[in-house]
Amino acid sequence: MNQRLFGLIFTLLPVIGYSQFQVEWNYYLDIETTKTGSLSNYYYNDIHRLSEDWAVDLAQSSLLTKFHFNNQWHFVGQLMVERFYGLRKWPWERSGKYEWIIPQLALQWNNEERTVNLQLGRFLSPFGRFYDQQMYFDRDLIGVPLAYGYYVNVSTELGYVENLGELTITAERGSEGLRDTLAEVIEDWGSPLAYRLGYKNGLQASFGKPGKWNLDVALVDGAPNRDTDFSSFSDYGIITRLGLQLNYFTELGISAAHGTYLRETDLNVALDPVRQYRQTLVGLDYQIGVSYFEFSGELIGGHYNIAEYLPTTDQFVGENAPDVQNLLVFSSYLDWKYEPPFISGSYIVYRIESLVFGNIDRPSGEEESWDNNVLRHALGVGYKITPNIAAKAMISTQDTSNRNWSHDQRVLRILLSFFL
Amino acid sequence: MRFAILMFLLVGTQLVFGQRNGRNSLSGSIKIPQLERRVKKGTGYNKDGTKVMHSSDPMASIDRNIIISAHPLTFNPELDPTPNAYVTQKEQTFIPFVLPITQGSTVYFLNEDEFFHNIYSLTPGARFNIGRRPPGSPYALEIKRQGVISLSCDIHAHMNGVILSLDTPYFTRMNSRNQYQLDGLPDGEYRIEVYHPMLKKITRTIAVRSGESVNINFDFSNQKKL
């Protein structure tokens, strides 16, 4: 089954169902303008510097529809168009690169008491706090946290590749036509800890007592970092999240995920079977809200069972068979948000976040981090102009250990969101 | 002589206040098309991680939130604050969906869920944000603006409600049998407005006097969607 068929199903169902079922829907359109540092990259800080500063373009558009066949059976579908890996062009321009995405396409069932929910198809990963990070409009800051947007040196084809993203930066530095260069080098930038679009194919069961606790268990097509397509059904993984409402102002979530992440290709025949390589994530997310203040954040620990690929030799490291490395990474962020009551509809938010990488084993015994640690600060403001129009702006800066990129990866983003 | 003075006072009072002393009533039925409540901006998830909930309370349904109001055209009515004007948030739903009040009334917002809620309005002239509120502790807010004031919850994006702030004390709500009864209307002319949360309102002008009982039926079948 290919993406076009899913698109056709998605298109037809609203037509068939609109007059017969209760329908929930929404439509979002986000327009953005940015000023980025000279080495701003999608895989480092969520936005690629390709055209002149302050160019206005489409950031994201989404149509979500939910049909309630009755009190127990539902269908949810979402069609989204987003920049293709941060490229900045309007979709109707020939050189524009936009991707059509179907983040949700699932049949859902719940019991009468709504204490058990099942969904089959494509749905948002229950891991961590991605549930309110998927769409630009829902994010307090325009960008996603490092755990969801920073591409680490893990290729879903080759495993660990040292300096994976840096190779691309080097290539671009000497190029005049950045747009063309990006198209050539986009093949592999690595992968974030959790897939940047946050959806998975599979079966999810949710249990709980509304307002008290909730347990999500999803059997899906791969680990959280595995980008999902319609050819990944041979991958497998499990993602769980236990949400606890400790009191009326504190929500706590404990997540765990484990699964395969290497796609089988001609490049990794030496790794056969590729399913032996797994990613494991554990996470703790929290949200505390009182009066006009909100504190939220997430701690994630990740482990990769992985082989190392050397681009210089086109070989995997290991004498008879590829050596298996155990790589660790930790990610955390904390958001402080304040909604000034004297400016209704406005907020200000500050985020501090970090990615810290463990060491990789070297034959020499030398201690070497497997990627560069990152510390990012971001400040954002938002204002709901009308119930259907909102504006937000953010500025972020990040320090990357052992590299002098910090000043080149600052970004200022201004977003205007429309929704129906 | 005393009798003459008494009669003079009675006649004088009748002349001055007679318009307001009537006890007229307005009643009838309202035909509404079968419209499921469309929940806009339903993202399928909540910002606090809780599952999306919808209350089955009848006061959250469309057909219990049709408001009939009579706006005097020949006199200015006194606007006493509407007593017990409560909007509760229960099962991630505003109850009632539409709260009619007289302009200047104090509305109490009450969180009856076991998690926090927020209420804000972006209606021009009535923008407010009461922040996150704990369960069981009402928050009072005086509504100064007249008209439709939309309510939202920042945490649960699918929640929406309405305060209908009226310049008249004469209003009622359609009952579960699709009927309404508006009593105590003083003599005079009125513009009758029937508010439907999803359809264009219906207006009609009437005159009542001398304890009249007027029956008017309304039909929303051909009204445009908002």
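Residues numbered from 1 in each chain as written. Chains lettered and ligands numbered in written order. Predicted model: local features only at pLDDT ≥ 70, side-chain atom pairs only at ≥ 80, totals over all residues. Heavy atoms only, no water.

**Q** So what exactly am I meant to see when it comes to the overall build of chain A here?
**A** The number of helices and strands found in chain A is 5 helices and 22 strands. Evaluated residue by residue, chain A yields a buried proportion of 57% over its 420 residues. Of the accessible surface of chain A, which amounts to about 17,500 Å², a share of 60% is contributed by carbon and sulfur atoms. (Helix = DSSP H or I, 4+ residues; strand = E, 2+ residues; numbered from the N terminus. Buried < 20%, exposed > 50% of the residue type's maximum accessible area, 1.4 Å probe, protein only. Areas by Shrake-Rupley, 256 points an atom, 1.4 Å probe, with all protein chains shown as cover.)

**Q** Got a minute to help me understand the overall build of chain B in this structure?
**A** When helices and strands are tallied, chain B shows 1 helix and 17 strands. Taking all 226 residues of chain B together, the buried fraction comes to 53%. Excluding contacts between residues fewer than 6 apart, the proportion of contacts in chain B whose partners are at least 24 apart in sequence is 69%. For chain B, the exposed area adds up to about 10,700 Å²; of that, 50% sits on carbon and sulfur atoms. (Contact = heavy atoms within 4.5 Å.)

**Q** I'm lost on a nonpolar patch on the surface in this one. Help?
**A** All names here are of chain A. The grouping of Phe342, Ile343, Tyr383, Ile385, Leu416 and Phe418 at the surface amounts to a nonpolar patch, some 530 Å² of accessible area in total. For the nonpolar patch, the secondary structure elements donating two or more residues are strand 20 (374–386) and strand 22 (411–419). With respect to the helices and strands, the residue Leu416 is situated in strand 22. Taking the relative accessible area as the measure of exposure, Leu416 reaches 31% and is therefore partly exposed. (Patch = residues over 30% accessible without salt bridge, like charges linked within 9 Å, V, L, I, M, F, W, Y side chains within 5 Å. Salt bridge = Lys/Arg side-chain N within 4 Å of Asp/Glu carboxyl O.)

**Q** How do you make sense of the environment of Asp221(A) when you look at a structure like this?
**A** Residues and elements named next belong to chain A. On the secondary structure map, Asp221 appears in the loop between strand 9 (213–220) and strand 10 (237–247). On a C-alpha basis, the gap between Asp221 and Ser369 in space is 30 Å, while along the polypeptide they are 148 residues apart. Here the side chain of Asp221 touches Asn201 through a polar contact of 3.0 Å, side chain to side chain. (Polar contact = N/O pair within 3.5 Å; in protein donor to acceptor, adjacent residues only side chain to side chain.)

**Q** Explanation requested: the environment of Gln181(B) in the structure shown.
**A** Residues and elements named next belong to chain B. In this fold, Gln181 is placed in strand 13 (residues 179–185). Residues Gln181 and Pro77 lie 104 residues apart in sequence; the distance between their C-alpha atoms is 19 Å. When near neighbours in sequence (up to four residues on either side) are disregarded, Gln181 contacts Ser25, Leu26, Ser27 and Thr172. A polar contact is formed between the side chain of Gln181 and the side chain of Asp183, at a distance of 2.7 Å.

**Q** What is the right way to look at unusual backbone geometry in this model?
**A** Across the chain, the bulk of peptide bonds are trans and the bulk of non-glycine residues have phi less than zero. Omega for the peptide link from Asp272(A) to Pro273(A) comes to 0 degrees, which places this bond in the cis form. Secondary-structure assignment places Pro273(A) in the loop between strand 11 (250–260) and strand 12 (278–290). One non-glycine residue, Ser291(A), lies in positive phi territory at about 50 degrees. Structurally, Ser291(A) can be placed in the loop between strand 12 and strand 13 (293–306). For Asn178(B), which is not glycine, the phi torsion reads 60 degrees and is therefore positive. Here Asn178(B) lies in the loop between strand 12 (171–173) and strand 13.

**Q** Mind showing me how you'd approach the pattern of salt bridges here?
**A** A complete count under the given rule lists 22 salt bridges over all chains for this structure. Ionic pairing is found between Glu193(B) and Lys201(B), a salt bridge with its closest N-O pair at 3.4 Å. For Glu193(B), a relative accessible area of 11% gives the class buried. Residues joined in a network through salt bridges with shared partners are Asp140(A), Glu294(A), Lys337(A), Glu339(A), Lys384(A), Arg132(B) and Asp154(B).

**Q** What exactly am I supposed to notice about the packing of aromatic side chains here?
**A** Centre-to-centre distance and the angle between the planes together describe a pair of aromatic rings. All told, the structure shown has 20 aromatic pairs over all chains when counted by the stated rule. When the ring of Tyr170(B) is compared with that of Tyr190(B), the centres are 6.2 Å apart and the planes differ by 85 degrees; the resulting orientation is edge-to-face. A residue pair is termed long-range when its members are at least 10 positions apart, and Tyr170(B) in the loop between strand 11 (160–166) and strand 12 and Tyr190(B) in strand 14 (residues 188–195) qualify at 20 residues. In this pair, the class of Tyr170(B) matches that of Tyr190(B), namely buried. Here the aromatic rings of Tyr180(B) and Phe218(B) are separated by 6.0 Å at their centres, their planes lie at 40 degrees, and the arrangement is tilted. Of this pair, Tyr180(B) sits in strand 13 while Phe218(B) sits in strand 17 (residues 218–219); the two residues are 38 residues apart in sequence, bridging distant segments of the chain. The class for Phe218(B) is buried, based on a relative accessible area of 3%. Three or more aromatic residues link up through ring pairs in this structure, and these residues are Tyr160(A), Tyr261(A), Tyr304(A), Phe357(A) and Trp370(A). (Phe/Tyr/Trp six-rings, centres within 6.5 Å; stacked < 30°, edge-to-face > 60°.)

**Q** Honestly, the nonpolar core in this entry has me stumped. Any pointers?
**A** Across soluble globular proteins, nonpolar side chains have a tendency to be buried as a group. Core analysis: the biggest nonpolar cluster contains 45 residues, and Tyr148(A), Tyr261(A), Tyr304(A), Leu355(A) and Trp370(A) have the highest contact counts within it. Residues in contact with Tyr148(A), not counting those within four places in the same chain, are Phe127(A), Gly128(A), Arg129(A), Phe130(A), Pro192(A), Ala194(A), Arg196(A), Glu298(A) and Ile300(A). Residues Val98(B), Ile202(B), Val208(B) and Ile216(B) belong to the second largest nonpolar core, which totals 34 residues. (Core = buried A, V, L, I, M, F, W, Y, C linked by side-chain atoms within 4.5 Å.)

**Q** Would you explain the environment of Gln179(B) in this entry?
**A** For Gln179(B), the location among the structural elements is in strand 13. Setting aside anything within four residues of it in sequence, one finds Gln179(B) in contact with Gly28(B), Ser29(B), Arg173(B) and Met174(B).

**Q** In this structure, what is going on with the confidence of the model for chain B? I would like to understand it.
**A** Predicted coordinates in regions of low pLDDT should not be interpreted in detail. Residues and elements named next belong to chain B. With 83% of its residues at a pLDDT of 70 or more, chain B shows a mean pLDDT of 85. Taken together, the stretch residues 10–19 has pLDDT below 50 and engages in 6 contacts with residues farther than four places along the chain or on a different chain. The complex model carries a pTM of 0.84, and its ipTM stands at 0.75. (pLDDT = per-residue confidence, 0-100.)

**Q** Looking at this structure, how should I read the pairing of strand 3 (residues 73–83) of chain A?
**A** Residues and elements named next belong to chain A. Of all 11 residues making up strand 3, 9 are buried, and the element is well covered by its neighbours. In this sheet, strand 3 lies alongside strand 2 (residues 56–68) in antiparallel orientation, the contact comprising 9 bridges. Paired with Thr65 across the strands is Gly77, a residue of strand 3. Hairpin connection between strand 2 and strand 3: a loop of 4 residues separates the two successive antiparallel strands. (Pairing = 2+ DSSP bridges.)

**Q** I tried to follow the sheet that holds strand 6 (residues 154–155) of chain A on my own but got confused; where do I start?
**A** Hydrogen bonds between backbone groups are what pair the strands of a sheet, and the pairing can be parallel or antiparallel. Across the sheet, 4 strands lie side by side as 6-7-14-15 (chain A); this open sheet has mixed pairing. Edge strands, defined here as strands with exactly one partner in the open sheet, are strand 6 and strand 15 (315–316) of chain A.

**Q** Help me understand the side chain of Ser121(B), please; the structure alone is not making it clear to me.
**A** Residue and element names in this part refer to chain B. Along the polypeptide, Ser121 turns up in strand 7 (residues 117–121). A distance of 3.2 Å separates a polar atom in the side chain of Ser121 from the backbone nitrogen of Thr123. A distance of 3.5 Å separates the side chain of Ser121 from the backbone oxygen of Ala126, its partner in a polar contact. The residues contacting Ser121, other than those within four sequence positions of it, are Ala126, Arg127, Phe128, Ile149 and Ser150.

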